[in-house]
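# Results of the structural survey
Listed below, chain by chain, are the residues.
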Amino acid sequence: MVRSTTVLAVLKEGKGAIGSDGQVTLNDTVLKQGAKKIRRLYQGRVLAGFAGSVADSLSLLDRFEEKLNTYSGNLPRAAIELAKLWRTDKILRQLDALLLTMDKNQIFIVSGKGDVIEPDEPVAAIGSGGNFALSSAKALLGYTDLGAEEIVRISLQIASEICIYTNQSISIETI
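Cut-offs used in this document
Residues numbered from 1 in each chain as written. Predicted model: local features only at pLDDT ≥ 70, side-chain atom pairs only at ≥ 80, totals over all residues. Heavy atoms only, no water. Axes fitted to C-alpha atoms, helices over the stretch in contact; angles between N-to-C directions. Helix = DSSP H or I, 4+ residues; strand = E, 2+ residues; numbered from the N terminus. Parallel < 35°, antiparallel > 145°, perpendicular 65-115°, else oblique. Left-handed = near helix turned anticlockwise from the far one by under 90°. Contact = heavy atoms within 4.5 Å. Nonpolar A, V, L, I, M, F, W, Y, C, P; charged D, E, K, R; others polar. Polar contact = N/O pair within 3.5 Å; in protein donor to acceptor, adjacent residues only side chain to side chain. Pairing = 2+ DSSP bridges.

Their axes nearest at 8 Å, the elements helix α3 (residues 130-143) and helix α4 (residues 148-162) cross at an angle of 140°. The orientation of α3 with respect to α4, classified from their angle, is oblique. Both α3 and α4 take part in a crossing whose hand is right-handed. Here α3 contributes F132, A133, S136, A137, L140 and L141 to the contact with α4, which in turn contributes I151, I154, S155, L156, I158, A159 and I162. Residue composition of the contact of α3 with α4, by class: 11 nonpolar, 2 polar and no charged.

Shown next, in the form of structure tokens:
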């Protein structure tokens, strides 16, 4: 399990939001409260968040952005090409992270094992608090009129109250 963060993406009514907490931990010590774990990519049309080793994640985000540029912002193609590269490259294969990516239409989870997963529902999460945030977001999507950004904010808040690797310093980007 990738610990140390929570990243959540939600699509609703043509709008998307991705958010994360800001906690950075090393073993059982909190090192930082306000880290930024989400990025805008490809002219602001793609959002990505990461869980796992920060250096590994930033390296993968750079490679992912290269793929987005190569394929003119085609999110599915860039995600697949990154997963192929990640799985087959001798050095990249050792990287320990997960990426959560989205545009206005789709969400993908990308892993180093070659997984490119598009969830059935318009919501996905990664990290140690991911299942807590995902459960909350699914309930809010199904039983409220809240927008994507509000759902992400409330769900991350709930995850921070349950997961010790997730804090209340929440960052959100919308698309």
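Moving on, we get to the side chain of S155. Mapped onto the fold, S155 is located in helix α4. At 3.1 Å, the side chain of S155 forms a polar contact with the backbone nitrogen of A137. If near-sequence neighbours (up to four positions away) are discounted, S155 is found in contact with L8, A133, S136, A137 and L140.

Let's shift gears to the sheet that holds strand β11 (residues 171-174). The sheet built from 4 strands is open, its strands ordered β10-β1-β2-β11 with antiparallel pairing. Of all strands in the sheet, those with a lone pairing partner are β10 (123-127) and β11, marking the two edges. Each strand of the sheet is rotated relative to its neighbour by a mean of 10°, with strand direction disregarded. As judged from the 4 bridges shared by strand β2 (residues 15-20) and β11, these two strands associate in the antiparallel manner. Considered in β11, the bridge of S20 is made with S171. Along the sheet, α4 contacts β1 (6-12), β2 and β11; its crossing angle with β1, the most-contacted strand, is approximately 155°.

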